[in-house]
Amino acid sequence: MKKLFSTIRIIFLNLKRLSFKNLFKLFSMVLSHPLFSILTFWATVKTYAISEKLFPITHSTDGAGNAFRHALWNCLIMMYCCKISSVEKSLQWAEKITGLHEDLFPNEPLQTKMDLHNNEIGRQYFMSLLPGIHRQFFETSFFVDHLLELTKKSVILESEGQEIGFNLVRLKEKRETLG
């Protein structure tokens, strides 16, 4: 329970950093789909807690833990939103809200490419599981082990034009730990 409150505190501290214009963008999106927003918030809390446990050093840097966190975040957003809506709407929402995150908290171009790519890998991975599992039966555990395997095989992103394929990417990090 203590970690849950710590995670929520971190989220709110980040929200405090936003300008009025960016807060308006965020709240406009939240109000456009309040149920998806609540589920996304919960997915964010769960993702952060899992990433903190598995990658205490690199989940908030540009390393392997960050790659895992972005992919898992997208899987969990999709999982929760698919339970109340269609796969197509959930996919659109996940892409839109995680893209907005990159707009609200801008990074260097290579970091942005890394985050957007890892977000996409998470959504693609979720979609690849759909033919075998009804969307109502998805659980967090369905994603963690496979994403850990992808994280262990993550590729170092060196340029914006680099071809990556279906791999998680990370930037060269001095303090790597892979669970």
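Scoring rules and cut-offs
- Residues numbered from 1 in each chain as written.
- Predicted model: local features only at pLDDT ≥ 70, side-chain atom pairs only at ≥ 80, totals over all residues.
- Heavy atoms only, no water.
- 1 Å grid on protein atoms, 1.4 Å probe; cavity = no way out; pocket = protein on both sides within 12 Å on 5 of 7 lines; lining within 4 Å.
- Points joined across faces, edges and corners; volume = space filled by probe spheres on them.
- Helix = DSSP H or I, 4+ residues; strand = E, 2+ residues; numbered from the N terminus.
- Nonpolar A, V, L, I, M, F, W, Y, C, P; charged D, E, K, R; others polar.
- Disulfide = S-S within 2.5 Å.
- Buried < 20%, exposed > 50% of the residue type's maximum accessible area, 1.4 Å probe, protein only.
- Polar contact = N/O pair within 3.5 Å; in protein donor to acceptor, adjacent residues only side chain to side chain.
- Axes fitted to C-alpha atoms, helices over the stretch in contact; angles between N-to-C directions.
- Parallel < 35°, antiparallel > 145°, perpendicular 65-115°, else oblique.
- Left-handed = near helix turned anticlockwise from the far one by under 90°.
- Contact = heavy atoms within 4.5 Å.

1. Comments concerning the layout of surface pockets
To find leftover empty space, a probe the size of one water molecule is rolled over the atoms.
Move 1: The volume enclosed by the largest pocket comes to roughly 1000 Å³.
Move 2: Along the wall of the largest pocket there are 36 residues; nearest its centre are Ile-11, Thr-44, Trp-73, His-101 and Phe-105.
Move 3: Of all the secondary-structure elements, those providing two or more residues to the lining of the largest pocket are α1 (2-16), α2 (20-32), α3 (34-54), α4 (64-82), α5 (87-104) and α6 (109-129).
Move 4: The residue inventory of the lining of the largest pocket, partitioned by class, reads 19 nonpolar, twelve polar and five charged.

2. A short note on the state of the cysteines
Move 1: Tallied over the full model, the rule gives zero disulfides.
Move 2: Of all cysteine sulfurs in the structure, the one in Cys-82 sits closest to Cys-75, which takes part in no disulfide; the separation is 11 Å.
Move 3: Relative accessible area serves as the criterion here: at 0%, Cys-75 is assigned to the buried category.

3. Quick look at the side chain of Thr-151
Move 1: Note on placement: Thr-151 falls in helix α7 (residues 141-152).
Move 2: Within polar-contact distance, the side chain of Thr-151 engages the backbone oxygen of Leu-147 at 2.6 Å.

4. Describing the packing of α6 against α7
Move 1: Two elements in contact, α6 and α7, have axes whose closest approach is 12 Å; the angle formed by their N-to-C orientations is 125°. Between α6 and α7, the angle is such that the two are oblique. In terms of crossing hand, the pair formed by α6 and α7 is right-handed. The residues of α7 that touch α6, namely those facing Ile-121, Tyr-125, Phe-126 and Leu-129, are Phe-142, Phe-143, His-146, Leu-147 and Leu-150.
Move 2: Residues that form the contact of α6 with α7 fall into these classes: eight nonpolar, one polar and no charged.

5. Observations concerning the packing of α4 against α6
Move 1: It is at 7 Å that the axes of α4 and α6 come closest, and there the two elements cross at 45°. When the axis of α4 is compared with that of α6, the two are oblique. In terms of crossing hand, the pair formed by α4 and α6 is right-handed. Residues Asn-66, Ala-67, His-70, Ala-71, Trp-73, Asn-74, Cys-75, Met-78, Met-79 and Cys-82 of α4 form the contact with α6, whose own contacting residues are Met-114, Asp-115, Asn-118, Asn-119, Gly-122, Arg-123, Tyr-125, Phe-126 and Met-127.
Move 2: Taken together, the residues of the contact of α4 with α6 break down into eleven nonpolar, six polar and two charged.

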